[in-house]
Amino acid sequence: MLDFRVEYRDRNVDVVLEDSCTVGEIKHILENELQIPVSKMLLKGWKSGDVDDSTVLKTLHLPKNNSLYVLTPDLPPPSSSNSGALQESLNQNFMLIITHREVQREYNLNFSGSSTIQEVKRNVYDLTSIPVRHQLWEGWPPSATDDSMTLAASGLTYPCHRLTVGRRSLPAQTREQSEEQCTDVHMVSDSDGDDFEDATEFGVDDGEMFGMASSALRKSPMMPENAENEGDALLQFTAEFSSRYGDCHPVYFIGSLEAAFQEAFYGKARDRKLLAIYLHHDESVLTNVFCSQMLCAESIVSYLSQNFITWAWDMTKEANRARFLTMCTRHFGSVVAQTIRTQKMDQFPLFLIIMGKRSSNEVLNVIQGNTTVDELMMRLMAAMEIFSAQQQEDIKDEDEREARENVKREQDEAYRISLEADRAKREAQEREQAEQFRLEQIRKEQEEEREAIRLSLEQSLPPEPKKESTESVSKLRIRTPSGEFFERRFLASSKLQVVFDFVASKGFPWEEFKLLGTFPRRDVTQLDPNKSLLENTLASSKCGGDN
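We now turn to the structure provided with this report. What you are looking at is a predicted structure, and each value in this text was computed from that prediction instead of being measured.

Details of unusual backbone geometry
Working step 1: The step from Phe348 to Pro349 runs through a cis peptide bond, and the omega angle for that step is 0°.
Working step 2: Tracing the backbone through its elements, the reader meets Pro349 in the loop between α12 (334–341) and β11 (350–356).
Working step 3: A positive phi angle, near 60°, is found at Gln35, a position not held by glycine.
Working step 4: Along the chain, Gln35 turns up in the loop between α1 (23–34) and β3 (42–44).
Working step 5: Positive phi, normally seen in glycine, also occurs at Gln104, with a value near 55°.
Working step 6: Here Gln104 is to be found in the loop between β5 (93–100) and β6 (105–112).

Right, dumping it as structure tokens:
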């Protein structure tokens, strides 16, 4: 087996092939992975120079690990518009008009652009009862070369695309071989003959089913020994499992066992699932039967995908076995670890059903490899019943807790709003008091200023003439708005401004009040203040006088 890491732009693709394969086979794998036609692809990096597609890898005398790169001079560089178009297609819905050939029935199915071709085929299986591996299709675009492709990338016509599906016919010789092999299979596995007849229809002989397979199935281990990263180990496990048993298999969680716990047990109660741990062993005679007939049965795959998080580990190598037992002791306790440790090789593979609880993780079931599809399904459903009862309790507790938290949040919010209202009210009162204080200070300052002006004017008035004055004197009698009277004598030669100052000294500045005369009636404040009283006709030329 040769390992190739192929670089293309910002992507790396790992390819594992036998040295008996050709360069062209590498290109076909890359075509599926990179969506680049083989005719547009230049595969570079060979240490022996350029090679053609028919060159056998063995003739190049390559090391086990190799690095190559792909050039596509005839293809334009990727643009943001292309990626945007693909993203838009992923969000679109495709209408697939699928005709069932044998019964001449038409189905109109809606799928999102992010759905895969494999998902379409599984849905068609539910409608037509034709297993995916028996389906014979017409109408898929030439670019739809891989069942893992999304509909958006497969080249389907948007918004509607027509397809036809029928049941693949089987050669008579294959059927006869399957009938001959059913008895032997039944004797070893204690399974229904019909189940194994289904396997032999596709050329799985006795040796392959009981671990005595050809070297093609054992060229590469399921998992590297002493794998440092559990996620990388699971990637290899999934790839090897697909190459051996096909693409219809459980979706294995890629990541550590702790991460699988987090995914299965520690979300919302409604979103939690059971955890299924598949323990593989290449040396067990039951492994191929269990994988091909039970684990890859579409009913099992569908049930696991809906209700379980499935995690896998390879127990073939002693180092990997010891590592899992250590993980098992840490997460489930020594009793479960000892139970798995005492399992004999011919009892593998094992299927562990784990349910998460508040304080610990409980192992509900340990299913051994010598089972049937029906028994496996029944045990999965039984575990699901136990889990569903526990889940309903958890949902109830979670709803009650959320209700309490919502009430507390509402109370806290109401309290916060009340505090803010009190603070706003207090701040408004403080602002009002501050404004009143400011206005009061201004009023006091104005009053003090008015009083100072009044006193100044009072002190600046000339002395009041005596009655016996020989000069012409005018006696003015002034009535205030409140009805009070005050009077004073002024020299007729005094300026009118002296009268204004006198009135202002009594608290009535002429800028704010009008001084009105009676006979004749007139607005005295409109007269010239620099003229004398005599000039403004507020005094007579005779000595003495009243006004």
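Still more ground to cover, so stick around.
With respect to the pattern of salt bridges
Working step 1: Under the defined criterion, the tally for this structure stands at 25 salt bridges.
Working step 2: Across the salt bridge formed by Arg416 and Glu420, the nearest N and O atoms sit 2.4 Å from each other. With a gap of four residues between them, Arg416 and Glu420 both fall in helix α13 (residues 373–460), about one helical turn apart.
Working step 3: With relative accessibility at 35%, the residue Arg416 sits in the partly exposed group.
Working step 4: Ionic contacts of the salt-bridge type, sharing partners, join the residues Glu240, Arg244 and Asp282 into one network.

What about the nonpolar core?
Working step 1: Membership of the largest hydrophobic core comes to 60 residues, with the highest contact counts inside it found for Leu275, Trp311 and Phe351.
Working step 2: Of the residues forming this core, the biggest block, seven residues, is contributed by α13.
Working step 3: In terms of nonpolar packing, the next biggest core, distinct from the first, is built from 21 residues, Leu43, Leu57, Leu60 and Leu68 among them.

Some remarks on empty space enclosed by the protein
Working step 1: Per the stated rule, a full pass over the model turns up one cavity of 30 Å³ or more.
Working step 2: As a volume, the largest cavity reaches approximately 50 Å³.
Working step 3: Around the largest cavity sit Phe4, Gly45, Trp46, Lys47, Leu62, Asn66, Ser67 and Leu68, which together line it.
Working step 4: Grouping the constituent residues of the lining of the largest cavity by class yields four nonpolar, three polar and one charged.

Thoughts on the pairing of strand β14 (residues 485–491)
Working step 1: Residues Phe486, Arg488 and Phe490 line the buried face of β14, whereas the alternating positions Phe485, Glu487, Arg489 and Leu491 sit on a face that is not buried.
Working step 2: Linking two consecutive strands that pair antiparallel, namely strand β13 (residues 473–479) and β14, is a turn of five residues; a positive phi of about 100° is found at Gly483 within it.

Quick notes on the sheet that holds β5
Working step 1: Ordered by their spatial adjacency, four strands build an open sheet running β6-β5-β8-β7, and the pairing between neighbours is mixed. A strand with exactly one partner marks an edge of an open sheet, and here the two such strands are β6 and β7 (135–138). Neighbour-to-neighbour, the strand axes of this sheet turn through a mean angle of 30°, independent of strand direction.
Working step 2: Where β5 and strand β8 (residues 160–167) come together, six bridges link them in parallel fashion. Looking at the pairing, Ile97 lines up with Arg162 of β8.

Some points on the side chain of Thr128
Working step 1: Following the sequence through the fold, Thr128 ends up in helix α3 (residues 117–128).
Working step 2: Exposure remark for Thr128: the relative accessible area of 11% places this residue in the buried category.
Working step 3: A polar atom in the side chain of Thr128 sits 2.8 Å from the backbone oxygen of Val124.
Working step 4: Ignoring any residue separated from it by four or fewer positions in sequence, one finds Thr128 in contact with His100 and Tyr107.

What about the packing of aromatic side chains?
Working step 1: Taken as a whole, this structure holds 19 aromatic pairs when the rule is applied.
Working step 2: Where Phe237 meets Phe241, the ring centres are 6.0 Å apart and the plane angle is 25°; that geometry is what we call stacked. You can see Phe237 and its partner Phe241 sitting in helix α7 (residues 230–245), four residues apart, about one turn around the helix. You'll find Phe237 and Phe241 in the same group, each marked buried.
Working step 3: Aromatic side chains Tyr303 and Phe308 sit 6.3 Å apart centroid to centroid with 50° between the ring planes, which places their arrangement in the tilted category. In terms of burial, Tyr303 and Phe308 fall into one category: buried.
Working step 4: Across from the ring centre of Phe485, 4.1 Å away, lies the NZ or CZ of Arg477, which sits over that ring.
Working step 5: Geometry around Phe490 places Arg488 over its ring, the cationic atom sitting 4.9 Å from the centre.

Thresholds, definitions, all that
Residues numbered from 1 in each chain as written. Predicted model: local features only at pLDDT ≥ 70, side-chain atom pairs only at ≥ 80, totals over all residues. Heavy atoms only, no water. Helix = DSSP H or I, 4+ residues; strand = E, 2+ residues; numbered from the N terminus. Salt bridge = Lys/Arg side-chain N within 4 Å of Asp/Glu carboxyl O. Buried < 20%, exposed > 50% of the residue type's maximum accessible area, 1.4 Å probe, protein only. Core = buried A, V, L, I, M, F, W, Y, C linked by side-chain atoms within 4.5 Å. 1 Å grid on protein atoms, 1.4 Å probe; cavity = no way out; pocket = protein on both sides within 12 Å on 5 of 7 lines; lining within 4 Å. Points joined across faces, edges and corners; volume = space filled by probe spheres on them. Nonpolar A, V, L, I, M, F, W, Y, C, P; charged D, E, K, R; others polar. Pairing = 2+ DSSP bridges. Axes fitted to C-alpha atoms, helices over the stretch in contact; angles between N-to-C directions. Polar contact = N/O pair within 3.5 Å; in protein donor to acceptor, adjacent residues only side chain to side chain. Contact = heavy atoms within 4.5 Å. Phe/Tyr/Trp six-rings, centres within 6.5 Å; stacked < 30°, edge-to-face > 60°. Lys NZ or Arg CZ within 6 Å of the ring centre and 35° of its normal.

Just geometry here; none of it tells us what the structure is for.
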